[in-house]
Amino acid sequence: MPNDFGLGVSGGFLGVSPEEEFPEEAFPLSSELFSAMDKITNSSTEHSNSRLAYEYTESYLKNVDKGLDSINQKVTTVLGSTGILLKFASDLPDTYLSLTLYKIGICILLVITIILCFIALNPKEAGDVVYPSELLDTEWFYKEDDEFRLFVARQWVEASKQLEKEYKDKAKYLQCCYCCISIAAILFAINIILNTIFSTV
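Residues numbered from 1 in each chain as written. Predicted model: local features only at pLDDT ≥ 70, side-chain atom pairs only at ≥ 80, totals over all residues. Heavy atoms only, no water.

1. With respect to the overall build of the protein
Heads up, the rule is: Helix and strand definitions here come from DSSP, where helices need a minimum of 4 consecutive H or I residues and strands a minimum of 2 consecutive E residues; each element is numbered from the N-terminal end. Accessible area is worked out with a 1.4 Å probe on protein chains only. A residue is then buried under 20% of its type maximum, exposed over 50%, and partly exposed in between. Working definition of accessibility: Shrake-Rupley area with a 1.4 Å probe, residue cover restricted to the visible protein chains.
Each helix and strand counted, the protein has six helices and zero strands in total. Each helix and strand of the protein, ordered N terminal to C terminal, gives the series α-α-α-α-α-α. In the protein, which comprises 201 residues, the proportion classed as buried is 34%. In the form shown here, the protein has an accessible surface area of approximately 11,800 Å², with 61% of it arising from carbon and sulfur atoms.

Written as structure tokens, this is what we have:
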């Protein structure tokens, strides 16, 4: 199932394994993009390739930005679901020591998940691009079109690196959230099973 970048990463909520959700190479094209930009800048065919480099870099930056929006939505969904689970956890039986320990473990895991979600959603400075005023009020305003496009594309490359790093950081936090919720769900089930057994004894 294609992910937000069209790179074959499946998305979901507790539906796939962490390896499928966030592979090690979430952005296989980025290093090739940066290498290609350097080659275009230094080659004699700069003018014939500048428009292609500009359009490709613009498209890539937009895809990374969309990916960030998507992962932010997933983290928000996890945060809301965790709050509901925490309410259910407070109603779990704790008449026996084992049930109390399971209940405490569930609550701790859910609190950790909430903390991780807040860290992931914490806004960071990333995706810096050249300001329009810098293009209009400097010598770049009078440059050739090809040279101008390459300058803007280089700024987008740097912005893509920053956004890419932020995406991977958020993906790690989300992966940890999935693990915590999965373990909490298992403890939920064990608590209910034990309570049923104790009630029939």
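2. Structural notes on the confidence of the model for the protein
Put simply, the test is: For every residue, the predictor reports its confidence as pLDDT, a number between 0 and 100. Contacts are assigned to residue pairs that have any heavy atoms within 4.5 Å of one another.
In the predicted model, the protein carries a mean pLDDT of 76, and the fraction of residues at 70 or more is 65%. Highest mean pLDDT in the protein belongs to helix H4 (residues 97-121) (93); lowest belongs to helix H1 (residues 18-21) (48). Residue range residues 1-22 is modelled with pLDDT below 50. Its contacts to residues more than four positions away, or to other chains, number 45 contacts. Within the model, pLDDT remains below 50 along residues 43-47, and this stretch shows five contacts once partners closer than five positions in the same chain are excluded.

3. Re the pattern of salt bridges
Filter applied, for reference: One side-chain nitrogen of Lys or Arg within 4 Å of one carboxyl oxygen of Asp or Glu is enough to make a salt bridge.
According to the stated counting rule, one finds seven salt bridges in the structure shown. Put simply, Lys-87 and Asp-91 hold a salt bridge, and the shortest N to O gap is 3.2 Å.

4. Quick notes on the side chain of Lys-170
What counts, and what does not: As used in this structure description, the phrase polar contact means that two N or O atoms lie within 3.5 Å; if the pair is within protein, one of them must be able to donate a hydrogen and the other to accept it, and residues adjacent in sequence are counted only when both atoms belong to side chains.
Within the element layout of this structure, Lys-170 appears in helix H6 (residues 145-200). Only 2.3 Å separates the side chain of Lys-170 from the backbone oxygen of Ala-120, close enough to count as a polar contact. For Lys-170, the contacting residues outside a window of four places in its chain are Leu-68, Ile-71, Asn-72, Ala-120 and Leu-121.

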